[in-house]
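# Descriptive analysis of the structure
Okay, here's what each chain looks like letter by letter:
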Amino acid sequence: MTVCFVGLVGTVHGQNYKTGVGLRLGSPTGITVKHFFASKSAVEGMLSFGWGGLGLTGLYELHNDIAEVPGLTWYYGIGAHLATSTSKSNPWGDRDNSIYLGADGIIGLEYTFKEAPVTIGLDAMPIVNLVERPGVWLQGGISFRYNFR
(Lines give C-alpha, C1' and ligand atoms only; values in the text may rest on other atoms or scores of the structure.)
Protein backbone atom coordinates (compact mmCIF):
# COMPACT_ATOMS: atom_id res chain seq x y z
CA MET A 1 0.00 0.00 0.00
CA THR A 2 2.85 2.38 0.78
CA VAL A 3 4.25 1.93 -2.73
CA CYS A 4 0.82 2.81 -4.18
CA PHE A 5 0.61 5.96 -2.03
CA VAL A 6 4.12 7.08 -2.99
CA GLY A 7 3.21 6.59 -6.65
CA LEU A 8 0.18 8.84 -6.25
CA VAL A 9 2.06 11.75 -4.73
CA GLY A 10 2.26 13.69 -7.98
CA THR A 11 -1.51 13.49 -8.58
CA VAL A 12 -2.95 14.41 -5.20
CA HIS A 13 -4.03 17.66 -3.66
CA GLY A 14 -4.58 18.86 -0.09
CA GLN A 15 -7.84 18.38 1.80
CA ASN A 16 -10.33 20.48 -0.10
CA TYR A 17 -13.65 18.83 0.58
CA LYS A 18 -16.42 19.28 3.11
CA THR A 19 -17.93 15.77 3.31
CA GLY A 20 -16.74 12.38 2.07
CA VAL A 21 -18.81 9.19 1.87
CA GLY A 22 -17.43 5.77 1.04
CA LEU A 23 -16.31 2.28 1.88
CA ARG A 24 -13.87 1.13 4.53
CA LEU A 25 -12.11 -2.21 4.15
CA GLY A 26 -10.36 -3.82 7.09
CA SER A 27 -11.42 -3.92 10.68
CA PRO A 28 -14.00 -2.59 10.94
CA THR A 29 -15.36 -3.04 7.40
CA GLY A 30 -18.33 -0.92 6.44
CA ILE A 31 -19.48 2.53 5.42
CA THR A 32 -17.57 5.65 6.39
CA VAL A 33 -18.64 9.30 6.39
CA LYS A 34 -16.23 12.13 7.20
CA HIS A 35 -17.33 15.75 7.61
CA PHE A 36 -15.05 18.75 8.12
CA PHE A 37 -16.51 21.53 10.23
CA ALA A 38 -13.24 23.53 10.25
CA SER A 39 -10.13 23.42 8.05
CA LYS A 40 -8.38 20.82 10.22
CA SER A 41 -11.20 19.41 12.38
CA ALA A 42 -13.46 16.60 11.25
CA VAL A 43 -15.88 14.04 12.58
CA GLU A 44 -15.99 10.55 11.12
CA GLY A 45 -18.69 7.97 11.52
CA MET A 46 -18.40 4.30 10.61
CA LEU A 47 -21.23 1.82 10.26
CA SER A 48 -19.58 -1.59 10.30
CA PHE A 49 -20.85 -5.09 9.78
CA GLY A 50 -19.49 -8.56 10.36
CA TRP A 51 -19.41 -11.30 12.95
CA GLY A 52 -23.17 -11.50 12.80
CA GLY A 53 -23.65 -7.97 14.11
CA LEU A 54 -23.40 -4.25 13.52
CA GLY A 55 -21.13 -1.57 14.89
CA LEU A 56 -21.23 2.20 15.10
CA THR A 57 -18.03 4.21 15.65
CA GLY A 58 -17.80 7.98 16.04
CA LEU A 59 -14.48 9.83 15.95
CA TYR A 60 -13.27 13.42 16.33
CA GLU A 61 -10.14 13.95 14.18
CA LEU A 62 -7.48 16.61 13.71
CA HIS A 63 -5.84 16.75 10.26
CA ASN A 64 -2.36 18.13 9.58
CA ASP A 65 -0.77 18.84 6.19
CA ILE A 66 2.52 17.26 5.25
CA ALA A 67 4.13 20.26 3.55
CA GLU A 68 6.64 18.25 1.54
CA VAL A 69 3.89 16.23 -0.16
CA PRO A 70 0.95 18.24 -1.56
CA GLY A 71 -2.35 16.49 -0.96
CA LEU A 72 -1.15 14.31 1.87
CA THR A 73 -2.39 14.81 5.42
CA TRP A 74 -1.88 12.84 8.58
CA TYR A 75 -4.51 12.77 11.25
CA TYR A 76 -5.28 11.51 14.72
CA GLY A 77 -8.34 11.44 16.90
CA ILE A 78 -10.47 9.89 19.60
CA GLY A 79 -13.96 8.50 19.82
CA ALA A 80 -16.14 5.60 20.89
CA HIS A 81 -17.84 2.50 19.53
CA LEU A 82 -21.04 0.57 20.17
CA ALA A 83 -21.41 -2.84 18.57
CA THR A 84 -23.66 -5.88 18.68
CA SER A 85 -22.99 -9.48 17.83
CA THR A 86 -25.22 -12.50 17.43
CA SER A 87 -22.38 -14.85 16.56
CA LYS A 88 -19.87 -16.74 18.67
CA SER A 89 -17.25 -16.11 15.95
CA ASN A 90 -16.79 -12.43 16.83
CA PRO A 91 -13.27 -11.38 17.92
CA TRP A 92 -14.34 -9.92 21.27
CA GLY A 93 -16.41 -12.59 22.89
CA ASP A 94 -17.64 -16.13 22.91
CA ARG A 95 -21.36 -15.54 23.47
CA ASP A 96 -24.40 -14.91 21.34
CA ASN A 97 -26.37 -11.65 21.54
CA SER A 98 -23.67 -9.41 23.00
CA ILE A 99 -23.37 -5.62 23.13
CA TYR A 100 -19.93 -3.99 23.20
CA LEU A 101 -19.04 -0.43 24.20
CA GLY A 102 -15.63 1.19 24.31
CA ALA A 103 -13.18 3.97 23.48
CA ASP A 104 -11.34 4.31 20.18
CA GLY A 105 -8.27 6.11 18.92
CA ILE A 106 -7.20 6.63 15.32
CA ILE A 107 -4.05 7.70 13.48
CA GLY A 108 -3.70 7.69 9.73
CA LEU A 109 -2.70 9.14 6.37
CA GLU A 110 -5.11 10.54 3.79
CA TYR A 111 -4.68 11.55 0.14
CA THR A 112 -7.09 13.79 -1.70
CA PHE A 113 -6.86 13.57 -5.48
CA LYS A 114 -6.46 16.88 -7.30
CA GLU A 115 -8.33 15.90 -10.48
CA ALA A 116 -11.09 13.74 -8.98
CA PRO A 117 -13.37 14.11 -5.94
CA VAL A 118 -11.85 11.03 -4.30
CA THR A 119 -9.89 10.42 -1.10
CA ILE A 120 -7.94 7.34 -0.03
CA GLY A 121 -7.06 6.86 3.64
CA LEU A 122 -5.01 4.33 5.57
CA ASP A 123 -5.29 4.13 9.36
CA ALA A 124 -4.68 2.23 12.58
CA MET A 125 -7.36 2.18 15.29
CA PRO A 126 -6.47 1.04 18.80
CA ILE A 127 -9.65 0.31 20.74
CA VAL A 128 -10.38 -0.34 24.39
CA ASN A 129 -13.50 -2.40 24.92
CA LEU A 130 -15.10 -1.50 28.26
CA VAL A 131 -18.45 -3.30 28.30
CA GLU A 132 -19.12 -7.02 27.71
CA ARG A 133 -15.54 -8.20 27.31
CA PRO A 134 -12.91 -5.66 28.47
CA GLY A 135 -9.71 -5.67 26.46
CA VAL A 136 -7.48 -3.81 24.02
CA TRP A 137 -7.34 -4.50 20.27
CA LEU A 138 -5.56 -2.91 17.33
CA GLN A 139 -7.67 -2.52 14.21
CA GLY A 140 -7.00 -0.78 10.93
CA GLY A 141 -8.17 -0.32 7.40
CA ILE A 142 -8.18 1.50 4.13
CA SER A 143 -10.98 3.88 3.14
CA PHE A 144 -12.16 5.08 -0.25
CA ARG A 145 -14.47 8.13 -0.21
CA TYR A 146 -16.29 10.21 -2.77
CA ASN A 147 -16.03 13.87 -1.73
CA PHE A 148 -18.57 16.66 -1.83
CA ARG A 149 -17.00 20.12 -1.85
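Read on for a plain summary of the structure.

Cut-offs used in this document
Residues numbered from 1 in each chain as written. Predicted model: local features only at pLDDT ≥ 70, side-chain atom pairs only at ≥ 80, totals over all residues. Heavy atoms only, no water. Helix = DSSP H or I, 4+ residues; strand = E, 2+ residues; numbered from the N terminus. Pairing = 2+ DSSP bridges. Phe/Tyr/Trp six-rings, centres within 6.5 Å; stacked < 30°, edge-to-face > 60°. Lys NZ or Arg CZ within 6 Å of the ring centre and 35° of its normal. Buried < 20%, exposed > 50% of the residue type's maximum accessible area, 1.4 Å probe, protein only. Contact = heavy atoms within 4.5 Å. Polar contact = N/O pair within 3.5 Å; in protein donor to acceptor, adjacent residues only side chain to side chain.

### Focus on unusual backbone geometry
In this structure, the amide linkage connecting Ser-27 to the following residue, Pro-28, adopts the cis form with an omega of 5°. Topologically, Pro-28 is positioned in the loop between strand 2 (19–27) and strand 3 (30–36).

### A look at the pairing of strand 7 (residues 98–113)
Where strand 6 (residues 72–85) and strand 7 come together, 14 bridges link them in antiparallel fashion. Bridge assignment links Thr-73 to a residue of strand 7, and that residue is Glu-110. Both strand 7 and strand 8 (residues 118–131) contribute to a ladder of 10 bridges, which runs antiparallel. Counterpart to Ala-103 in the pairing with strand 8 is Val-128. What sits between strand 7 and strand 8 in their antiparallel hairpin is a turn of four residues.

### Quick look at the packing of aromatic side chains
Under the defined criterion, the tally for this structure stands at four aromatic pairs. Its end group placed over the ring of Tyr-75, Lys-34 keeps NZ or CZ at 4.1 Å from the ring centre.

### Considering the environment of Glu-110
For Glu-110, the position within the fold is in strand 7. According to the relative accessible area criterion, Glu-110 is buried, its value standing at 1%. The residues touching Glu-110, leaving out its near neighbours within four places in the chain, are Tyr-17, Lys-34, Phe-36, His-63, Gly-71, Leu-72, Thr-73, Tyr-75, Thr-119, Ile-120, Gly-121 and Arg-145. In this structure the side chain of Glu-110 is engaged in a polar contact, spanning 3.2 Å, whose partner is the side chain of Arg-145.

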